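# Fold and contact review
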Amino acid sequence: MNPSILITGVTGNVGSEVAKQLNEKKIPFKSAVRKVGGEPIFEYGEQIEFDLMRPETFKQALFGIERVFLIRPPAIDDPRYFEPLLMEAQQQGVKHIVFLSLLGAQTLFFVPHRKIEKRILKAAIPYTFLRPSFFMQNLNTTHMAEIREDRRIYVPAGNGKTSFIDVRDIAAVAVKALTEQGHENKAYDLTGSEALTYLQVAELMSEIWETAIQYANPSAADFKAYWKSHGLPQDQINVMAGIYFTAKIGFAKKVTPDLKRLIGREPITMRRYIQDYREEFQMM
Ligand SMILES: NC(=O)c1ccc[n+]([C@@H]2O[C@H](COP(=O)([O-])OP(=O)(O)OC[C@H]3O[C@@H](n4cnc5c(N)ncnc54)[C@H](OP(=O)(O)O)[C@@H]3O)[C@@H](O)[C@H]2O)c1
């Protein structure tokens, strides 16, 4: 039988977890990948070519699909790339799009996530908007090298708190929305159950890994210079600096009840995340 669920971003943070959890439940799906044949391979997730920059891949990728988990790759800022995809989804009778958006997107009219949400609404395809806070997993991706090698967290967030969320919890909500009834035309604000400063995160890491991890708290200028010296493009540096500035002034600390209500258990804590990712950080 042709799987009726399509997962985009399966090589990324959230999509890989959604695919993993569907696979564990033995629910067949299609893995939308830019290059068929590479990692990750899932027993229940046959790969299909899909590239947002190549609309000619949409027809085949959406064939027989009823539900789509859709992400906006960070490198794609222009929401117009999503228009041909939504048109094809309409034509093929897609019944539900679960879109990975951003906490507060409804008030942030300038972010691409809100512009894509609006296009989904316009396409009149039933939707679930997942609006998560800052991912814990940014620590083991973007900030992995500085933590593992320099034993410090190098972000300019001052003493601002962040309601970090584990992507495994976002994926759990996505799987529910993709496989259960009652999530159509809803938006969920997803955060962890506590807001922490980066100093508190560094202290937790130090305690659990039994090795000192500092919170460097650089100035915005030093932070930008650091990433420039690492070859990151200036626009990406500016986006990152902007995100940490919003955390610094207290805009990232909101804690919401949606996640616990949806998954029926406490969200994964920062403590548990640090324990679970110990090996990945090579802190054995
Ligand atoms: N990080 C956070 O704290 C945070 C918080 C809230 C919301 N978000 C939002 O979450 C989204 C990112 O999710 P993520 O972190 O799970 O993704 P990610 O780890 O950055 O991975 C991006 C994914 O997009 C795929 N991709 C790239 N270009 C593509 C294209 N042209 N066509 C199709 N797929 C393409 C990549 O596949 P390849 O392997 O082929 O490159 C990869 O699977 C962003 O919209 C971000 O703003 C992030």
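Higher on the page you've got the structure.
What counts and how
- Residues numbered from 1 in each chain as written.
- Predicted model: local features only at pLDDT ≥ 70, side-chain atom pairs only at ≥ 80, totals over all residues.
- Heavy atoms only, no water.
- Helix = DSSP H or I, 4+ residues; strand = E, 2+ residues; numbered from the N terminus.
- Rg over C-alpha atoms; globule rule 2.2 N^0.38 Å.
- Buried < 20%, exposed > 50% of the residue type's maximum accessible area, 1.4 Å probe, protein only.
- Contact = heavy atoms within 4.5 Å.
- Areas by Shrake-Rupley, 256 points an atom, 1.4 Å probe, with all protein chains shown as cover.
- Core = buried A, V, L, I, M, F, W, Y, C linked by side-chain atoms within 4.5 Å.
- Near = heavy atom within 4 Å.
- Nonpolar A, V, L, I, M, F, W, Y, C, P; charged D, E, K, R; others polar.
- Salt bridge = Lys/Arg side-chain N within 4 Å of Asp/Glu carboxyl O.
- Pairing = 2+ DSSP bridges.
- Axes fitted to C-alpha atoms, helices over the stretch in contact; angles between N-to-C directions.

### Remarks on the overall build of the protein chain
Along the backbone of the protein chain there are 11 helices and 9 strands. For 284 residues, the compact-globule estimate of 2.2 N^0.38 gives 19 Å, and the C-alpha radius of gyration of the protein chain, at 19 Å, lies within 12% of that figure. Projected onto its principal axes, the C-alpha positions of the protein chain cover 55 × 35 × 35 Å. Out of the 284 residues in the protein chain, the part that is buried amounts to 52%. When contacts within the protein chain are restricted to residue pairs at least 6 apart in sequence, those whose partners lie at least 24 apart make up 74%. As presented, the protein chain carries roughly 13700 Å² of accessible surface, and 52% of it is formed by carbon and sulfur atoms.

### Thoughts on the nonpolar core
Residues L139, I153, Y198, M205, W209, M270 and F281 are the most contacted members of the largest nonpolar core, which totals 36 residues. Where this core is concerned, the elements lending two or more residues are α5 (144-150), α7 (198-209), α8 (220-229), α9 (234-248) and α11 (270-276). The greatest single-element share of this core, amounting to 7 residues, is contributed by α7. Beyond its immediate sequence surroundings of up to four residues, W209 is in contact with I147, I274, R278, F281 and M283. With 31 residues, the next largest nonpolar core counts V18, F42, L100 and F135 among its residues.

### Quick word on the site of the ligand
Every one of the 25 residues lining the ligand counts as a neighbour, but T11, R34, R72, H113 and N138 are closest to it. Expressed as a share of its isolated accessible area of 930 Å², the protein-covered part of the ligand is 79%. Residue composition of the shell around the ligand, by class: 14 nonpolar, 8 polar and 3 charged.

### Topic: unusual backbone geometry
Of note, the bond from E39 into P40 is cis; its omega dihedral lies within 30 degrees of zero at -5 degrees. Note on placement: P40 falls in the loop between β2 (29-33) and β3 (45-49). Residue N185 is not a glycine yet carries a positive backbone phi of 55 degrees. Note that N185 resides in the loop between α6 (167-179) and β8 (186-190). The exposure class of N185 is partly exposed, given its relative accessible area of 46%.

### Notes on the pattern of salt bridges
One pass over the full model with this rule turns up 19 salt bridges. Between E117 and R131 there is a salt bridge, and its shortest N-O distance comes to 2.9 Å. Here E117 is found in helix α4 (residues 112-123), whereas its partner R131 is found in strand β6 (residues 127-132), with 14 residues between them in sequence. Of the residues examined, E117 reaches a relative accessible area of 0% and is grouped as buried. Beyond isolated ion pairs, a larger network of salt bridges with shared partners links D166, R168, R272 and D276.

### Things to note about the sheet that holds β2
Judged by pairing direction, the sheet is parallel, and its 7 strands sit side by side in the order β3-β2-β1-β4-β5-β6-β8 without closing on themselves. Edge positions in the sheet fall to β3 and β8, since each has one partner strand and no second. Sheet twist, expressed as the mean angle between neighbouring strand axes with direction ignored, is 20 degrees. On the sheet, helix α1 (residues 13-24) packs against β1 (5-7), β2, β3, β4 (67-70) and β5 (96-100) and is oriented at approximately 145 degrees with respect to β1. Contacting β4, β5 and β6, α4 runs over the sheet at an angle of about 170 degrees to β6.

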